[in-house]
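# Structural overview for review
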Amino acid sequence: MNADPIAAFYRWIEYAAFGKALERRRFAFLSRAARARRVLILGEGDGRFLARFLAVNDAAQVDVVEASAAMLALARERLPAPAARRVRFHHQDALSAPLPADSYDLIVTHFFLDCFAADDAARLIARLAAALLPGGAWIVSEFEEPPGRVARLHARLWLSVMYTFFRFTTGLTAGKLPPYAALLSRAGLIREEQQQARWGLMVSQLWRKPAAADAPQHSFDTLPLCGFP
Ligand SMILES: C[S@@+](CC[C@H](N)C(=O)[O-])C[C@H]1O[C@@H](n2cnc3c(N)ncnc32)[C@H](O)[C@@H]1O
């Protein structure tokens, strides 16, 4: 997927299709992120979540992994200078980016896991789960196919429109949602909270990696520093 051609219009396309509904999903668990100290955001896009996150969290160090140079440029422009000093931008494919184990107390993926076919999503989620510290959180915003005939039909129509749009504009090869919730569970994470919107088409989820029984739980205040190569 190459999001460069649509980066400048991305937010306006989103607002035209969904108003502020996706924005509300991204910010649903923002208050839970206020004490995070080592944060990894994947597929950030144009920086709207990043800017809001840095405004509520004045101490976190953030790694952003984003494959689109145009999206990264927009995200950089959006940040005031002091906040930008806490962010390292990595222009990389998340599938091949180095992800040091046990390094982050918060991972954020908003409308990102839907960019991957099931096998790529499985590999990526397993690597990301390993990069998360025991006790760490993972905030997910995603689309979903909810149960219920009408709600499912509504979701399938929207998903079909969106996958077609992104295939033609960005070359996205994935054609349907990967089973991301099952993959997160398989990677050992536990879903603590969920909010739904638009008849279940959109969800915000808060997942957590259990603290190791025989290891001290990492609090947000006592994290080791890690180096993103
Ligand atoms: C659908 S957009 C979502 C953007 C933003 N997170 C949001 O909430 O709207 C997907 C983003 O993930 C990025 N992306 C897609 N595949 C990627 C990959 N393999 N590695 C890193 N970034 C990727 C795209 O460039 C794009 O910015």
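Everything numeric here is computed off the predicted structure, so don't read it as measured data.

### Structural notes on the site of the ligand
Around the ligand there are 19 residues in total, and Y10, R26, G43, E66 and H110 lie nearest to it. A distance of 2.8 Å separates a nitrogen atom of the ligand from a polar side-chain atom of D93. The separation between a nitrogen atom of the ligand and a polar main-chain atom of H110 is 2.8 Å. Burial of the ligand by the protein chains amounts to 94% of its free accessible area of 590 Å². According to the grid-proximity analysis, the pocket containing the ligand is the largest pocket. When its residues are assigned to classes, the shell around the ligand shows ten nonpolar, five polar and four charged.

### Some remarks on the nonpolar core
Counting residues in hydrophobic clusters, the biggest one holds 48 residues, and the most contacted among them are W138 and F143. A per-element tally of this core places helix α6 (residues 118-131) first, with six residues. One finds F53, L54, F89 and A137 within the second-largest nonpolar core, a separate group that totals 26 residues.

### Description of the sheet that holds strand β6 (residues 190-197)
The seven strands lie next to each other as β3-β2-β1-β4-β5-β7-β6, forming an open sheet whose pairing is mixed. Looking at strand neighbours, the two that pair on one side only are β3 (87-91) and β6, the edges of this open sheet. The average undirected angle you get between the axes of adjacent strands in this sheet is 15°. Bridge analysis of strand β1 (residues 38-42) against strand β4 (residues 104-110) gives four bridges, and the strand direction is parallel. Note on β4: the bridge partner recorded for V39 is L106. Across the face of the sheet, helix α4 (residues 69-78) comes into contact with β2 (61-66) and β3 while running at roughly 165° to β3.

The rules behind these values
Residues numbered from 1 in each chain as written. Predicted model: local features only at pLDDT ≥ 70, side-chain atom pairs only at ≥ 80, totals over all residues. Heavy atoms only, no water. Near = heavy atom within 4 Å. Polar contact = N/O pair within 3.5 Å; in protein donor to acceptor, adjacent residues only side chain to side chain. Areas by Shrake-Rupley, 256 points an atom, 1.4 Å probe, with all protein chains shown as cover. 1 Å grid on protein atoms, 1.4 Å probe; cavity = no way out; pocket = protein on both sides within 12 Å on 5 of 7 lines; lining within 4 Å. Sits in = over half its atoms within 2 Å of the grid points. Nonpolar A, V, L, I, M, F, W, Y, C, P; charged D, E, K, R; others polar. Core = buried A, V, L, I, M, F, W, Y, C linked by side-chain atoms within 4.5 Å. Buried < 20%, exposed > 50% of the residue type's maximum accessible area, 1.4 Å probe, protein only. Helix = DSSP H or I, 4+ residues; strand = E, 2+ residues; numbered from the N terminus. Pairing = 2+ DSSP bridges. Axes fitted to C-alpha atoms, helices over the stretch in contact; angles between N-to-C directions. Contact = heavy atoms within 4.5 Å.

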